[in-house]
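# Residue-level structure breakdown
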Amino acid sequence: MIYLDHNATTPVDPRVLDAMMPFFTEHFGNPASRHHVLGCDAAKTVETAREQVASVIGADPREIIWTSGATESDNLALQGVAQSPVYKKRHIVTVATEHRAVLDPCEVLETRGFRVTYLGVDSDGCLDLDRLTKAITDQTLMVSVMHANNEIGVLHPIADIGALCKDRGVLFHTDATQSFGKEPIDVHAMGIDLLSASAHKMHGPKGVGMLYVRRRDPRVRCAALLHGGGHERGLRSGTLNVPGIVGMGAAATLRADDGVRALRDRLETGILSGLDGVEINGHPTQRLANTTNLSFDGVDGAKLMKAMPEVAVSSSSACTSALLQPSYVLGALGCHEARIRGSVRFSLGRFNTAEEIDIATAQVVESVRALRTARPT
Ligand SMILES: *Cc1c(COP(=O)(O)O)cnc(C)c1O
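In this report, we go over the structure that sits alongside the text. Along each chain, residues carry numbers from 1 onward, in the same order as the chain's sequence is written. Given that the model is predicted, a residue must reach a pLDDT of at least 70 before its local features are reported, and side-chain atom pairs must reach 80 or more before they are shown or counted; all residues, however, enter totals for whole chains, interfaces and linings. Calculation of side-chain values draws on the structure's entire complement of heavy atoms; hydrogens and water are dropped beforehand.

### Examining the packing of aromatic side chains
The line we're drawing: Aromatic pairs are defined between Phe, Tyr and Trp rings, using the six-membered ring for Trp, whenever the two ring centres lie within 6.5 Å; interplanar angles under 30 degrees are classed as stacked, those over 60 as edge-to-face, and all others as tilted. Consider the ring centre and the ring normal. A charge sits over the ring if Lys NZ or Arg CZ is within 6 Å of that centre and within 35 degrees of that normal.
Applying the stated rule across the entire model yields zero aromatic pairs. A cation sits over an aromatic face here: Arg100 above Tyr328, 5.2 Å from the ring centre.

Below is the structure:
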């Protein structure tokens, strides 16, 4: 199996697993039970992981809230801020190509008296900052724009968006799940007030993530969605997932290596030179180093995946393809239906090799040719 679906999830790095293992057994303490040494050690360990994660984005460790993953982080950012009694504004601006973990909470907020503006994107998946500027009103509470798109890898200019939000006194949330640990992020330089990330997209374990919540300039007010023991400064009750948190901390210390860009380019140029009628979806340069989303003329993406079972790719967002709907992200780029149906996302990771890429390239070229010949005309 050649795994090229890292934007859906990644294998846990063995170094991350090694760091996690003792916290299932010997060091099983509950960090909230500080009246004995097991609990105290667990609490110290969690704080070390908090520092490791905070340092990736230039944050203070006290600004990191542990969650169960980016879906929860996005929900906490949007619904938590919206429900805070401190804020009176009732308008949110976001983008049509956001992950469902942002769009669905926005739809929930619309049923609770909020107005949400869903900005469109151009045919490259890029946002027009003038339109963003014009969408902000004196009623706007928050702007939520993802850093990197999960389906097409397109990067949004979050430093510019952060500056714009600061200028207008609007909170800025970014879903950085796909860019965390891969692209440089500095919450201060980029004017980010809230940021979501998830461990399993960066060679860490599933079921753990974090939300960065700015403590000053401005101090962001966020209401809890889960109530219970008052963990995480009251923002997220529930016993902490210590092994998972240790894993996310360890994953954060492992830098993404630059080799993945060369491999992605090798795959892309290999496919483009081997086949006619292939289009790149999303901006050719303003995108993640590991992602290429390609549409094959006259070929169904799902059939292509079936034709090459040893190559694991995705024909849409893995999270939304469970719904068996054509990609709304590619729809927002203005792609016609056939181009959407013919799309396949290749997303590379730390352990892919040049040999794997060459095998995958050959399989794609061969399978597309076979499917095109077999196609009844
Ligand atoms: C995967 C993903 C999520 C959801 O993360 P989970 O940790 O699986 O809940 C949210 N946003 C983006 C951009 C993602 O890629």
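Further notes follow.
### Observations regarding the pairing of strand E4 (residues 115-119)
Note the threshold: The criterion for strand pairing is that DSSP finds at least two bridges linking the strands in question. Working definition: helices are DSSP H or I runs of at least four residues, strands are E runs of at least two. Numbering for both runs from the N terminus. Clockwise travel from the first strand over the helix to the second, with the strands pointing away from the viewer, marks a crossover as right-handed.
For strand E3 (residues 91-95) and E4, the ladder comprises five bridges, and the chain directions are parallel. Pairing of Val95 across the sheet is with Leu119, part of E4. In this fold, E3 hands off to helix H4 (residues 100-110), which returns the chain to E4; that crossover is right-handed.

### Quick look at the site of the ligand
What counts, and what does not: In these notes, residues near a molecule or strand are those with any non-hydrogen atom within 4 Å of it. Polar contact criterion, stated in full: a pair of N or O atoms within 3.5 Å, where within protein one must be able to donate a hydrogen and the other to accept it, and residues adjacent in sequence count only if both atoms are side-chain atoms. Note on areas: Shrake-Rupley, 1.4 Å probe, and residue coverage restricted to the protein chains presented here. Only Asp, Glu, Lys and Arg are considered charged in this grouping, and only Ala, Val, Leu, Ile, Met, Phe, Trp, Tyr, Cys and Pro are considered nonpolar; every other residue, Gly among them, is considered polar.
Near the ligand you find 13 residues, and of these Thr71, Asp175, Gln178, Ser198 and Lys201 are the closest. In this structure, an oxygen atom belonging to the ligand sits 2.7 Å away from a side-chain N or O atom of Gln178. Here His200 contributes a side-chain N or O atom positioned 2.8 Å from an oxygen atom of the ligand. Here the ligand loses 90% of its free accessible area of 380 Å² to cover by the protein chains. Per-element tally for the shell around the ligand: the top contributor is helix H3 (residues 70-83), with three residues. Residue composition of the shell around the ligand, grouped by class: two nonpolar, eight polar and three charged.

### Topic: the environment of Glu268
For clarity, the cut-off: Relative accessibility thresholds used throughout: buried, under 20% of the residue-type maximum; exposed, over 50%; partly exposed, between the two (1.4 Å probe, protein chains only).
Along the chain, Glu268 falls in helix H8 (residues 259-274). We classify Glu268 as buried; its relative accessible area is 8%. A distance of 2.9 Å separates a polar atom in the side chain of Glu268 from a polar atom in the side chain of Arg287.

### Digging into a nonpolar patch on the surface
What counts is decided by this rule: Two distance rules govern patches: like charges are joined within 9 Å, and nonpolar side chains (Val, Leu, Ile, Met, Phe, Trp, Tyr) within 5 Å, applied only to residues with over 30% relative accessible area and no salt bridge. Salt bridge, as applied in this entry: a Lys or Arg side-chain nitrogen positioned within 4 Å of an Asp or Glu carboxyl oxygen.
A grouping of Val12, Leu17, Met21 and Phe24 is seen on the molecular surface, where their side chains present a nonpolar patch of about 350 Å² in accessible area. Mapped onto the elements of the fold, Met21 is located in the loop between helix H1 (14-20) and helix H2 (37-56).

### Brief notes about the packing of H8 against helix H13 (residues 354-374)
The geometry of a pair of packed helices is captured by two quantities: the angle between their axes and the separation between those axes. Basically, it comes down to this: Orientation is described by lines fitted to C-alpha atoms, with helices fitted over the stretch in contact, and by angles between N-to-C directions that extend from 0 to 180 degrees. Comment on the angle field: the value is read as roughly parallel under 35 degrees, roughly antiparallel over 145, roughly perpendicular from 65 to 115, and oblique elsewhere. The hand of a helix crossing depends on one turn: near helix anticlockwise from the far one by less than a right angle means left-handed, and clockwise means right-handed. What makes two residues a contact is simply this: any of their non-hydrogen atoms within 4.5 Å.
The interhelical angle for the contact between H8 and H13, taken along N-to-C directions, is 25°, at an axis separation of 9 Å. One finds that H8 runs roughly parallel with respect to H13. H8 and H13 meet at a crossing whose hand is right-handed. Residues Leu263, Arg266, Leu267, Gly270, Ile271 and Gly274 of H8 lie in contact with H13, whose contacting residues are Ala354, Ile357, Asp358, Ala360, Thr361, Val364, Val365 and Arg369. Grouping the amino acids of the contact of H8 with H13 by side-chain chemistry returns eight nonpolar, three polar and three charged.

### Quick look at the packing of H3 against H4
H4 packs onto H3 with a crossing angle of 30° between their chain directions and a minimal axis gap of 9 Å. The angle between H3 and H4 places the two elements in the roughly parallel class. As for the relative orientation of H3 and H4, their crossing is right-handed in sense. Residue-level contacts link Thr71, Asp74, Asn75, Leu78, Gln79 and Ala82 of H3 to Ala101, Val102, Pro105, Cys106, Val108 and Leu109 of H4.

### Things to note about unusual backbone geometry
Each neighbour pair has its own omega, and for Asp217 with Pro218 the value is -5°, a cis peptide bond. Along the chain, Pro218 falls in the loop between strand E8 (209-213) and helix H7 (242-253). With phi around 65°, His203 is a residue other than glycine that occupies positive phi space. When you line up the elements, His203 lands in the loop between strand E7 (194-198) and E8. A relative accessible area of 6% places His203 in the buried class. Even without glycine at this site, Asp217 takes up a positive phi of about 55°. Mapped onto the elements of the fold, Asp217 is located in the loop between E8 and H7.

### Points about H13
Our working definition: To estimate how far a helix should extend, the number of its residues minus one is multiplied by 1.5 Å.
When the terminal C-alpha atoms of H13 are compared, their 30 Å separation across 21 residues agrees well with the 30 Å that a helix rising 1.5 Å per residue should span. Within H13, burial applies to Glu356, Ile357, Ala360, Thr361, Val364, Val365, Ser367 and Val368. Structurally, H13 contributes buried residues whose contacts are with strand E1 (2-3), H8, strand E10 (291-296), helix H9 (301-307), strand E11 (311-312) and strand E12 (343-347).

### Examining the pairing of E10
Of all the six residues making up E10, six are buried; the element is thus mostly covered by neighbouring parts of the structure. Covered by surrounding structure in E10 are Thr291, Asn293 and Ser295 together with Thr292, Leu294 and Phe296, the residues of both alternating faces. Strand direction decides the pairing type here: strand E9 (residues 278-281) and E10, joined by four bridges, are antiparallel. Following the sheet pairing, Ile280 is matched in E10 by Leu294.

### Looking at the state of the cysteines
Quick note on the threshold: Throughout, a disulfide means two cysteine sulfur atoms within 2.5 Å of one another.
For the structure on display, the rule yields zero disulfides. No disulfide involves Cys222; its sulfur sits 14 Å from the nearest other cysteine sulfur, which is in Cys106. The thiol of Cys335 is unpaired, and the distance to the nearest cysteine sulfur, on Cys126, comes to 13 Å. The class of Cys335 is buried, set by a relative accessible area of 14%.

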